[in-house]
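A structural walkthrough
For reference, the chains in residue letters:
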Amino acid sequence: MVVAHVEQNTSATKNRRSMNKKKARTAANTTQIDGDEEMSSGVIPPLNSNNTAEDDDLMIEFDPTPALEASSAPAFPALPASATQSALKSETRRIPIPPHRMTPIKKDWINIFSPLTEILGLQVRMNVQRRCLEIRTSKATTEIGALQKGADFVKAYALGFDVNDAIALLRMDDLYLDSFEIKDVKTLHGDHLSRAIGRIAGQDGKTKFTIENTSRTRIVLADTKIHIMGSFQNIKIARDAIVSLILGSPPGKVYAGLRTVSSRMKQRAL
């Protein structure tokens, strides 16, 4: 009898707990519904028309120019070219002269240092012991790239170009120098190498002059080395013609290709 009584009491307590939980859930739901109804039933007060008009007046009268002036970067005048060069230290370049060009540079010395001093305002001297030509900037130098132009001019003369052709490097900005060797295109030895050089030069230099006149470049054949001076596009035309001659193409075929290229260049010029 004692055991049965205990079981009845435990079942009664479980029923009471479940009833209490249900009541708590229903009460929470009713409070949430009441709160939603209050929020929905609440009326938002209308905005004051006078306040909105004043705000509009303030927004219209606001001038953003002072803020822009405060945030703008300061303006400085452009510096002259002479200000970029230091007055205490001058830049110097040394261009080596090969032994076979020492005698020609002595003969053309007046034509070499005159453009460097008059056009570029550089100081020039010949160092016979080191076999190099030294140039440096001075107070008369106004152009920033004058030293590089002078070095290119002297280098072109040292490679074998004429003085009048090398002066064009000082007066024009789109002229360049390109150098390569025959072995860079094809490895040749003995008589094969001699015949390749002969095909490039032609009889009495006819082929070389034809390539120069057609592509508007200047070419120097120094043994197995080839130097070309001209604009970027013209150098490519002359180099392609020389490469085809090195590979064994007959001069007549190269002439035909140069004729088509020259006709295209004339059409583009028109």
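Note that the structure is a prediction, hence the values are computed from the model and not measured.

What counts and what doesn't
- Numbering of residues starts from 1 in each chain and follows the order in which that chain's sequence is written.
- Given that the model is predicted, a residue must reach a pLDDT of at least 70 before its local features are reported, and side-chain atom pairs must reach 80 or more before they are shown or counted; all residues, however, enter totals for whole chains, interfaces and linings.
- As a rule here, side-chain values cover all heavy atoms of the structure and leave hydrogens and water aside.
- Between rings of Phe, Tyr and Trp, where Trp is taken as its six-membered ring, a pair exists when centres lie within 6.5 Å; planes separated by under 30 degrees are stacked, by over 60 edge-to-face, and by other angles tilted.
- Any Lys NZ or Arg CZ found within 6 Å of a ring centre and within 35 degrees of that ring's normal is scored as a charge over the ring.
- Runs of H or I in DSSP of at least four residues are treated as helices and runs of E of at least two as strands, each being numbered from the N terminus.
- Each residue's exposure class comes from its accessible area (1.4 Å probe, protein chains only) as a fraction of the maximum for that residue type: buried when under 20%, exposed when over 50%, partly exposed otherwise.
- Distance and chemistry together define a polar contact, namely a pair of N or O atoms within 3.5 Å, with one atom able to donate a hydrogen and the other to accept it when in protein, and with adjacent residues in sequence counting only for side-chain atoms on both sides.
- Any two residues whose heavy atoms approach within 4.5 Å at even a single point are treated as in contact.
- Working rule for helices: expected span equals 1.5 Å times residues minus one.
- Directions pointing from the helix axis toward each C-beta atom define the arc.
- Simply put, an axis is a line fit to the C-alpha atoms, just over the touching stretch for a helix, and the angle between two N-to-C directions goes from 0 to 180 degrees.
- Any angle from 65 to 115 degrees is called roughly perpendicular, while one under 35 is roughly parallel, one over 145 is roughly antiparallel, and all others are oblique.
- Note: crossing handedness is left-handed where the near helix turns anticlockwise from the far helix by less than a right angle, and right-handed where it turns clockwise.
- Ten residue types, Ala, Val, Leu, Ile, Met, Phe, Trp, Tyr, Cys and Pro, are classed as nonpolar, four, Asp, Glu, Lys and Arg, as charged, and the remainder, Gly among them, as polar.

1. Section: the packing of aromatic side chains
This model, assessed by the stated rule, comprises 1 aromatic pair. Directly above the aromatic system of Tyr157 lies the positively charged group of Arg101, at a separation of 4.5 Å from the ring centroid.

2. Here's the deal with the side chain of Glu134
Note on placement: Glu134 falls in strand 3 (residues 132-136). What makes Glu134 buried here is its relative accessible area of 6%. Only 3.2 Å separates the side chain of Glu134 from the side chain of Arg94, close enough to count as a polar contact. A polar contact is formed between the side chain of Glu134 and the side chain of Asn127, at a distance of 3.2 Å. For Glu134, the residues in contact, after removing those within four places along its chain, are Arg93, Arg94, Gln123, Val124, Arg125 and Asn127.

3. Re helix 6 (residues 146-159)
An ideal rise of 1.5 Å per residue puts 20 Å on 14 residues; helix 6 measures up with 20 Å between its terminal C-alpha atoms. Taking burial as the measure, the 14 residues of helix 6 include 10 buried ones, the bulk of the element. Of all the residues in helix 6, the buried ones are Ala146, Leu147, Lys149, Gly150, Ala151, Phe153, Val154, Ala156, Tyr157 and Ala158. Backbone geometry just downstream of helix 6 places Gly160 in the positive-phi region, at approximately 125 degrees.

4. Details of helix 13 (residues 251-269)
The periodicity of an α-helix, 3.6 residues per turn, causes residues three or four places apart in sequence to face the same way. Over its 19 residues, helix 13 runs 26 Å from end to end, which matches the ideal 27 Å to within 8%, given 1.5 Å per residue. Taken together, the buried positions of helix 13 are occupied by Val254, Tyr255, Leu258, Ser262 and Met265. Down the axis of helix 13, the sector holding all buried residues measures 95 degrees, keeping them to one side. Relative to its buried face, helix 13 has exposed residues pointing more than 90 degrees away, namely Lys253, Arg259, Arg264 and Gln267. Buried residues in helix 13 make contact with helix 11 (206-215) and helix 12 (232-246).

5. Looking at the packing of helix 5 (residues 109-118) against helix 6
One way to put it is that helix 5 packs onto helix 6 with a least axis distance of 10 Å and a crossing angle of 165 degrees. Looking at the two axes, helix 5 sits roughly antiparallel to helix 6. Pair helix 5 / helix 6 crosses with right-handed handedness. Listed contacts from helix 6 to Asn111, Ile112 and Leu116 of helix 5 are Gly150, Phe153, Val154 and Tyr157. In terms of residue class, the contact of helix 5 with helix 6 is built from 5 nonpolar, 2 polar and no charged.

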